[in-house]
Amino acid sequence: MTQINRLSGGQIDRATTLNFRFDNRSYTAHPGDTLASALLANGVRLMGRSFKYHRPRGVLTAGSEEPNAIVELRTGNRQEPNTRATTTEMFDGLEAHSQNRWPSLKFDALAINDQFSKFLSAGFYYKTFMWPAAFWEKLYEPMIRRAAGLGSLSMQEDPDEYDKGFRHCDLLIIGAGPSGLMAALTAGRAGADVILADEDFTLGGRLNSETFSLGDETAANWAGQMVAELSALPNVRLMPRTTVIGAFDHGIYGAVERTGDHLATLPAGKPRQILWRIYSKRALLCAGATERPIAFENNDRPGVMLASALRTYANRFASSAAQRAAIFTNNDDGHRTAADLHAKGVKIVAVVDIRPDAPINYEYEVLAGAQIVDTKGRLGLTFAEVKLSDGSTRTLDCGALGVSGGWNPNVHLTCHQRGRPAWNSDLAAFVPGADLPPGLSVAGAASGLMSTHAALQSGTEEAAQVLELKGSLPDLPDAEDAPVSQTPFWYVQGCARAWLDQQNDVTVKDVKLSHQEGFRSVEHLKRYTTLGMATDQGKTSNMGGLALMAELAGKSIPDTGTTIFRPPYTPVPIGTFAGRMKGQAFHPTRLTPSHYWAKERGAVFVEVGNWLRAQWFPLPGETHWRESVDREVRQTRASVGVCDCTTLGKIDVQGTDAADFLNRIYCNGFAKLAVGKTRYGLMLREDGITMDDGTAGRLAEDHFVVTTTTANAVKVYQHMEFVRQCLFPDMDVQLISTTEAWAQYAVAGPNSRKLLRKIVDPEFDISNEGFPFMACGNITVCGGLRARLFRISFSGELAFEIAVPSRYGDALMRRLMSEGEEFDVVPYGTEALGVMRIEKGHAAGNELNGTTTALNLGMGRMVSKKKDSIGSTLSEREGLNEDDALKMVGIKPVNTGDQITAGGHLMGASGPVDAAHDQGYVTSAAFSPSLDSHIGLGFLKSGDTRLGEKMRLVSPLTDLTVEVEIVSAHFVDPEGERLRA
Amino acid sequence: MRYSGFKVIKEALTGHKGWKPVWRDPEPKPHYDIVIIGGGGHGLATAHYLAKIYGHRNIAVIEKGWIGGGNVGRNTTIVRSNYLLDGNEPFYEFSLKLWEGLEQDVNYNAMVSQRGIINLIHSDAQRDAFTRRGNAMILNGADAELLDAEQVRKEYPFLNFNDARFPIKGGLAQRRGGTVRHDAVAWGYARSADGFGADIIQNCEVTGFRIEDGKCLGVETSKGFIGAGKVGCAVAGNSGRLMGMAGMRLPIESHVLQAFVSEGLKPVLPGVITFGAGHFYVSQSDKGGLVFGGDLDGYNSYAQRGNLPVVEDVCEGGMALMPMIGRARLLRMWGGIMDMSMDGSPIIDRTDIDGLYFNGGWCYGGFKATPASGHCFAHLLARDEPHPTATAYRFDRFRTGRMIDEKGMGNQPNLH
Amino acid sequence: MIINHPLLGSRDSSEFVYLGDASLIDRPDWQAEHAAEAFYDYAYLRDNPAGEHRELWFHEGGDRSWLVVTRNTVTHEISKVELARDVARAQGRSK
């Protein structure tokens, strides 16, 4: 197909021809085109269907405010729904499909909705589909859901990368039209760090769409020269294709740069888009204005568009929706469009101006005091019907109709911090209010200054003012300075199916119904009719709906109010906000010092917070994880096992008040702990609930090493700093997290001492007498490497934890393995660790679940009443000390072989099974190779007095009921003989 | 006026002339038996149940702006009763049952859609915790289902099963969970309450309480003094501000929670998904928008707007969970003010001031609680004793140590 | 948001972790007569003002200082940032 509606001139590169496809038909275009301009040039006006009635839709605008011309761009896993054809930069090979239609754009089955529009009035669905109740999910809703929605996702993973970045500047200028360019020049010449961002791919804003001149240059050329000068300034950064999406707190602006959307394929490693956080000292909004339509009967046909858009397509993109055009206006700007189109050779069939005193033109007809009252054309405009000033009607034969109802300043960003715009009655439009985001100023049309001269002048003046520049400012070129006065005219009297929101199909009659039913607040209007909730967020529709509601309610527009403008200014791909934080990079991965060694051993890893830990170490021939875990447990208990416990938090506590400090942190006493000794410590939150547990070893009078659980390492450190800095600021104590500084391994089992003896340098006595249970100390290993040794045991065996600087962690593990060969040493993972601690009855994360107290854990007596410690006072509240309080118990199946389910609930041996009879729950469960039985830990009401009792463990969720016996939580070596051996 | 399909057709054929305002717009009377402050979901539901169940007619709901403008109109529309603790589960299950009969109860289609909710499981400890929770749900008469990874994949094949940092290991499903058209809840309750004679008074801001000898006599408002036998406050988000006027300090902080909606898309998500390894939950509205949210911004705020770090955090969670949404565009973000209580659970209770009752502290569980909250608050206001499903929601539970802490986070509201 | 750290200058708030009302510095005396009631008040009740709020932030991604930030909860404007330790000392807290 040829470009039948291609005009002369324009900012397109005719030397290059680009091929593209729309709905599987091939067309040609030129660099500089958008998809919309190219389709128009090719004679395609029909580009989409509306949301509700599936009415045919063409372009309304030439910018990001577009409600109608939205398509599925690209194909396969790059399919991008709801993409505005008006901002899609043409590239060779572009492929797009229309959306929300079936089977085709021209013959859309759901266009039947339009025939039934009477029944589909605003909010009709709230009043029906209620009977019978069960039909909603089964029938009505699936039907509605299938019909609703716009474009479709590919359902495949987005293959493109997105980046994030941070930029800082003295002045962020948002919008590179006349005011933005002048502001950038002013600030740039003065040496300020300037960022000039514009959503368009060509800077210049409306200057690129106009035929008037600035000084001796055409507007577009002048803009080009400005851009050239600004590019040469090292302190000015130009950011085309960049939409500033939101004004956030403290001068931080979000901006999205489309680095790859205009390319057929992304260069390898380059992002499709970049999310910038721009930290600005000051910001200047130069976002211009958006033309507003007038509502009249059937004003939604393809070919009916904003007059300024018609002008932009003609002047900038050298394309037109048709060869015969009419203009419908209430202001002088509509006439400018007529003149420009006429100059481009488009036949102006008439300018319909509502004003009786409309300016006269001798080259085409001006119908003063006239109004468009209806249009015709099934898939695109063919005729427009005019009601003349004398009451007679006339039919205009035209394929394009430009509508101009005046201009609305783009105030959106001024309201992102919930400031309200102010009403300007001269413009009959909202302008920025007094309550702007701190640091933001406004210039040009965005501030209500509609002439080019005023825009240029305010750009330079605002820049000078916010930067407090003294001295002379750049000269302004001569520019048009036509006085602008807008007489409000929102809709043609008597119209009903006159569209306000073209995408969501909200018409004048819907607003009237909304008013009739009491939905009169603008927010109710919006929510009831869906006005302004489409992908364009009502940029061209809200004002009309608001004005109509004001009129119906007999209130002024400012009294009726506006809905709140919220970020983002235009929709942003979710992938852009996520950046590279997806897939494996979603969160950082922390590796233990023995990770690579464990990987060599074929370990299976598990995520523990951000850590990856070895879960078990399968041997050849082992087919089930239980085989590996059982072996690791047995071998450890029989001889010796090694486990990487580096992930436990380690906090170094030093200072003359260190012991006193720990006395406040832990509910049990620490002041008297001897040097060279370790003690178990229970830490409460201030509300008396257990926060964490661990050990603290005293390496010197003024030096402790505190360990925390893996999960709570960060939280406990933060808490300890809070206590130190905020509660006891004069204590002489210093804290530092050394979790990553030390590789730490548990060496457990009856042969652990023998193994360590081969590692620990001979001058250190690690015999039971010289280094008894709970001893700790600085030692050296492997011939002088500094290390720390703690005789503590999580497994219940004779055990040690040995720590060396992290960089030696890998080597130490390998040494332990090679030296341990003679003892048949086994590495064990988190599963075996878990099994052994359950066998031993040690509480861990499942028990320390943020709701349990020391009393629940069977450690009530540890809470010292003789000292002040965090949480001790509130731990005494009655609700935490009830007679039948939960106590930690062990759980064993009565019938050997039955399984214990963590998460199961405990019920009496007989009687009903329901919440009222719930007596406790199982927190942890495992198969114990040592007992050859499943076992569990749990909390049971008055559990400490019920040992031996038979109960039912029920898990209706997994359809399980097991007869269990309540036993001591200490399944293995209850007397603790092994660990003291 | 009764709404029905027949009525819609009849009106369509007669030019829609017969539709009346969904609620009247009355001026306040000098005195009511009960005045409810807050024309949000909870306040309007309270009025409905006070009228319909407890027979009160001389009641008013007063609202400083437009009804439904608070959190009922700015949430992610999820309903569910998948709670763990005895203090909560019966209440939320009661609520879910009320949701199930809501449309017929109020004769308004709020589009209660039980398309199911799945909380994803990513670790063994999480499975243990969800097992305990699922069992608690069933023991309380709710439904719950434990899914393994394959079952989740079958229902949601497009979740990240290939390259996830935290692999999906299963899920806890509640098939009766789902979504409700949030605005319609406020409008439906308003319409019903209005039909019973309750006055719904918009643009009427409370400026103070009239309290004499420890008894609340009514409220001072921008429309003058309104006397009341009893005053119930249901203004979650602004509870601190309002109760401050009565001289009360609350176990509550106000925080901002952001929520997001994408452009309209053809159906992709049948039910509600909650990511268990990041802060992200998502559903798809009947209009086609992906409605999603995440964590609080984390600082005290009354601003109804948030900042970029949380926006990014939420979208990162979304992309980590379902990388096929990368090219869907986020259309709009907004913020609601949450009454974050000290244990993450609400309060429905009398106050120390005679005649003054409180309903608040809903954290971000308020929407799903709307019917039960209204019902239980109405019960409390009418009978002066707590509804059996809401007995634990007392002020003094913090003093006595009987917190209802689902997440086990303690007295730090922004962690709940 | 940007927090003007008294030692490190302006830092993005995402480097910080938020705790809550700065009244958490005023931990009651455990031996006072009504200590239980005082701790209940301290741990659970909040002014929760709509307006100026003094609050605790921890510079976790930085120097690990606890700060008292005076911030307006309606506008988010920050008017003052102090080291919590200085505030605590000024309020008479010691060991």
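Small disclaimer: the values here were computed from a predicted structure and weren't measured. (Residues numbered from 1 in each chain as written. Chains lettered and ligands numbered in written order. Predicted model: local features only at pLDDT ≥ 70, side-chain atom pairs only at ≥ 80, totals over all residues.)

### Examining the overall build of chain B
On a plain count of helices and strands, chain B comes out with 11 helices and 18 strands. Its C-alpha atoms give chain B a radius of gyration of 21 Å, within 12% of the compact-globule value 22 Å for 416 residues. Overall size of chain B, expressed as C-alpha extent along the three principal axes, is 65 × 65 × 40 Å. Relative to its full complement of 416 residues, chain B shows a buried share of 69%. (Helix = DSSP H or I, 4+ residues; strand = E, 2+ residues; numbered from the N terminus. Rg over C-alpha atoms; globule rule 2.2 N^0.38 Å. Buried ≥ 20, exposed ≤ 12 C-beta atoms within 10 Å, placed from the backbone.)

### So, the UniProt feature "domain: Rhodanese" (unreviewed entry) in chain B
UniProt marks residues 34-78 of chain B with the feature "domain: Rhodanese" (unreviewed entry), using the numbering shown here. Helix makes up 27% of residues 34-78 of chain B and strand 20%. Its end C-alpha atoms lie 30 Å apart. (UniProt positions renumbered as here; feature names shortened; annotations may be inferred.)

### Some details on the interface of chain C and chain B
Reports often express the size of an interface as the amount of accessible area lost when the parts come together. Taken together, the 18 residues of chain C in the interface contact 22 residues of chain B. When residues of the side of chain C that touches chain B are traced back to their parent elements, those giving at least two are strand E3 (17-21), helix H1 (35-44) and strand E4 (52-58) of chain C. Here the side of chain C that touches chain B is built from residues that sort into nine nonpolar, six polar and three charged. (Contact = placed C-beta atoms within 7 Å. Nonpolar A, V, L, I, M, F, W, Y, C, P; charged D, E, K, R; others polar.)

### A short note on the confidence of the model for chain C
With 100% of its residues at a pLDDT of 70 or more, chain C shows a mean pLDDT of 97. In the predicted assembly, ipTM is 0.99 and pTM is 0.97. (pLDDT = per-residue confidence, 0-100.)

### Quick word on the sheet that holds strand E6 (residues 80-84) of chain A
Residue and element names in this part refer to chain A. With mixed pairing, the five strands of this open sheet are ordered in space as E2-E1-E7-E5-E6. In the strand order of this sheet, the two ends are held by strand E2 (25-29) and E6, each with one partner. The mean angle between the axes of side-by-side strands here comes to 40°, regardless of whether they run parallel or antiparallel. Across two bridges, the pairing between strand E5 (residues 70-73) and strand E7 (residues 94-97) is antiparallel. (Pairing = 2+ DSSP bridges. Axes fitted to C-alpha atoms, helices over the stretch in contact; angles between N-to-C directions.)

### Focus: helix H11 (residues 542-553) of chain A
All names here are of chain A. Relative to the 16 Å expected for 12 residues at 1.5 Å per residue, H11 spans 16 Å between its end C-alpha atoms, a close match to the ideal helical length. Among the residues of H11, Asn542, Met543, Gly544, Gly545, Leu546, Ala547, Leu548 and Met549 are the ones counted as buried. The inward-facing, buried residues of H11 contact strand E25 (407-409), strand E29 (499-501), strand E30 (506-507), helix H9 (508-516), helix H10 (522-529) and helix H12 (557-560). Positive phi appears at Gly554, one or two residues downstream of H11, with a value of about 70°. (Expected span 1.5 Å × (residues − 1).)

### Quick notes on unusual backbone geometry
Peptide bonds are, in most cases, trans, and in most cases residues other than glycine have a negative phi. Residue and element names in this part refer to chain A. Following Trp102, the chain continues to Pro103 via a peptide bond in cis, the omega torsion being 5°. Examined against the element boundaries, Pro103 turns out to sit in the loop between E7 and helix H2 (112-115). The peptide bond linking Pro567 to Pro568 adopts the cis configuration, its omega dihedral lying at -10°. Counting through the fold element by element, Pro568 comes out in the loop between H12 and strand E31 (572-573).

### Comments concerning the pairing of strand E24 (residues 400-404) of chain A
All names here are of chain A. Taking burial as the measure, the five residues of E24 include five buried ones, the bulk of the element. Neither face of E24 is left uncovered, since the one carrying Ala400, Gly402 and Ser404 and the one carrying Leu401 and Val403 both have all their residues buried. Two strands pair when backbone bridges link them, and strand E17 (residues 304-306) and E24 are joined in this way by three bridges, in the parallel orientation. For Val304, the partnering residue across the bridge sits in E24 and is Leu401. Bridge count for strand E18 (residues 324-329) against E24 is five bridges, and the pairing is parallel.

### Considerations on the interface of chain A and chain B
Counting from both sides, the interface comprises 93 residues of chain A and, opposite them, 88 residues of chain B. When contributions to the side of chain A that touches chain B are tallied by element, the ones reaching two or more residues are E6, helix H3 (135-147), strand E14 (252-257), H9, H10, E31 and helix H13 (574-578) of chain A. As paired strands, E31 of chain A and strand E16 (residues 329-341) of chain B are joined by two bridges and run antiparallel to one another. Following the sheet pairing, Val572 of chain A is matched in E16 of chain B by Leu330 of chain B.

### A word on the pairing of strand E49 (residues 933-941) of chain A
The buried count for E49 of chain A comes to seven of nine residues, which makes it a mostly enclosed element. Hairpin connection between strand E48 (residues 920-928) of chain A and E49 of chain A: a loop of four residues separates the two successive antiparallel strands, and Asp932 of chain A in this loop has a positive phi of roughly 55°.

### Some words on the environment of Leu401 of chain A
Residues and elements named next belong to chain A. One can find Leu401 in strand E24. Separated by 50 residues in the primary sequence, Leu401 and Val351 have C-alpha atoms spaced 9.5 Å apart. Residue contacts for Leu401: discarding those within four places in its chain leaves Gly303, Val304, Ala325, Ala326, Phe328, Thr375, Leu381 and Ala384.

### Overview of the sheet that holds strand E22 (residues 383-387) of chain A
Each strand in a sheet pairs with its neighbour through backbone hydrogen bonds, running either in the same direction (parallel) or in the opposite one (antiparallel). All names here are of chain A. If you trace the three strands from one edge of the open sheet to the other, you get E21-E22-E23, paired in antiparallel fashion. Both outer strands of the open sheet, strand E21 (371-376) and strand E23 (393-397), are each paired with one neighbouring strand and no more. Across the sheet, the axes of successive neighbouring strands diverge by a mean angle of 25°, strand direction being ignored.

### Side note on the domain arrangement of chain B
Residues and elements named next belong to chain B. When its domains are assigned, chain B resolves into domain 1 (5-81 + 83-107 + 182-250 + 343-415) and domain 2 (117-177 + 253-341). Summarising the inter-unit geometry, the C-alpha centres of domain 1 and domain 2 are found 27 Å apart. With 31 residues of domain 1 at the interface, the matching set in domain 2 holds 31 residues. If you list the elements that add at least two residues to the side of domain 1 that touches domain 2, you get strand E3 (78-79), helix H3 (89-100) and helix H8 (239-244). Looking at the side of domain 1 that touches domain 2 element by element, the count peaks at four residues for H3. Taken together, the residues of the side of domain 1 that touches domain 2 sort by class into 12 nonpolar, 14 polar and five charged. (Domains from an automatic or database assignment.)

### Some words on the environment of Lys127 of chain A
Assignment of secondary structure puts Lys127 of chain A in the loop between H2 and H3. The class for Lys127 of chain A is buried, based on 22 C-beta atoms found within 10 Å.

### Overview of helix H20 (residues 830-840) of chain A
Residues and elements named next belong to chain A. Counting buried residues along H20, 10 of its 11 residues qualify, which places the element largely inside the surrounding structure. Inspection of H20 places Thr830, Glu831, Ala832, Leu833, Gly834, Val835, Met836, Ile838, Glu839 and Lys840 among the buried residues, and these make up the whole buried set. Close packing links the buried residues of H20 with strand E33 (604-608), strand E34 (611-616), helix H15 (625-638), strand E35 (641-644), E48 and E49. Within two residues after H20, Gly841 carries a phi angle of roughly 80°, on the positive side.

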